[in-house]
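Residue-level structure breakdown
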Amino acid sequence: MHASACHLRCYGTSSDVDRHDFAQWVLPLRGDLDFELGAVGGRLDVLQGAFVAPGEGHAQTGDGDHLMLIVDCPAGLIDDHTLEHLRRQRWLALPKGLRQRLASPPAHGSDDLLATLLQQYAPAGSAARLHALCTRLSANPGADWNVARMAALVGISGSRLHAAFVQEFGVPPQAWLSACRLRWAKHRLLTSTDSIATIALDAGYSEHSALTRALRRETGLTPQAFRRQ
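Residues numbered from 1 in each chain as written. Predicted model: local features only at pLDDT ≥ 70, side-chain atom pairs only at ≥ 80, totals over all residues. Heavy atoms only, no water.

**Some words on unusual backbone geometry**
At R90, a residue that is not glycine, the phi angle is positive and equals roughly 60 degrees. When you line up the elements, R90 lands in the loop between helix 1 (80–89) and strand 8 (91–93). (Helix = DSSP H or I, 4+ residues; strand = E, 2+ residues; numbered from the N terminus.)

**Structural notes on the pattern of salt bridges**
Counting across every chain of the model gives 12 salt bridges. Between R90 and E56 there is a salt bridge, and its shortest N-O distance comes to 2.9 Å. Pair noted here: R90 is in the loop between helix 1 and strand 8 and E56 is in the loop between strand 5 (48–52) and strand 6 (58–62), with a separation of 34 residues, a long-range link. A salt bridge links R188 to D202; its shortest N-O distance comes to 3.4 Å. Here the residue R188 occupies a position in helix 7 (residues 173–191), and D202 occupies one in helix 8 (residues 196–203), the gap between them amounting to 14 residues. One network of salt bridges, in which partners are shared, links D32, D34, R43, K186 and E218. (Salt bridge = Lys/Arg side-chain N within 4 Å of Asp/Glu carboxyl O.)

**Topic: the packing of aromatic side chains**
By the definition in use, this model includes four aromatic pairs. On the numbers, 5.8 Å between centres and 35 degrees between planes, the contact of W25 with Y121 is tilted. Here W25 is found in strand 2 (residues 23–30), whereas its partner Y121 is found in the loop between helix 3 (110–120) and helix 4 (128–139), with 96 residues between them in sequence. The pair formed by W25 and Y121 is uniform in burial state, with each residue classed as buried. Ring geometry for F169 and W176: centres 6.3 Å apart, planes at 45 degrees, overall tilted. In terms of burial, F169 and W176 fall into one category: buried. These aromatic residues form a ring-pair network of at least three members: W25, F51 and Y121. Its end group placed over the ring of W145, R149 keeps NZ or CZ at 4.0 Å from the ring centre. One Lys or Arg, R183, reaches over the ring of W176 and ends 5.5 Å from the middle of that ring. (Phe/Tyr/Trp six-rings, centres within 6.5 Å; stacked < 30°, edge-to-face > 60°. Buried < 20%, exposed > 50% of the residue type's maximum accessible area, 1.4 Å probe, protein only. Lys NZ or Arg CZ within 6 Å of the ring centre and 35° of its normal.)

Dropping the structure here:
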């Protein structure tokens, strides 16, 4: 492969594990997708995409109305330092500017879009510390993530963290965390047999009913109905 390429895809209810010798970005344009990357499962939506390193096994499960933009990256285009950084990060918080660009049809020029992605997720990029925080939130959404703790990890004040999140992602940090918790809970509802109460507490909700309210606001479904679908 000598040039980047973009593909629009919808996925079925199951897939075999796939591997390829080039890197790939998976960027949701609409809806959700359960994604297995290596030995780690997660869920993608319009706030979170994924990076697939060369040779890394991945599989996906589509449910509901969804559309993904897949960006193939030619082998050798990413330097080793950046590749290792992206491999560790895996799940990518999608900035407001990038989401707006993806929503516009001219955004799908592959080479220009790939250059934007590499700049956006560079290890020393201007928002690298924010993205590192988002990675930690995604990995453990049920922890006690108050604003002071999040701000300390980034090395700025709480008010500056709020302003930085709004500028980068279009939402305050607590709103991003709420979306992260619901995304994690939806993944667990569909991929585990854990009780709904356990999932709610592990995701950071104070009680079962709090997860029910959040899920119903987004999907119109209760956790039981969402799991049955």
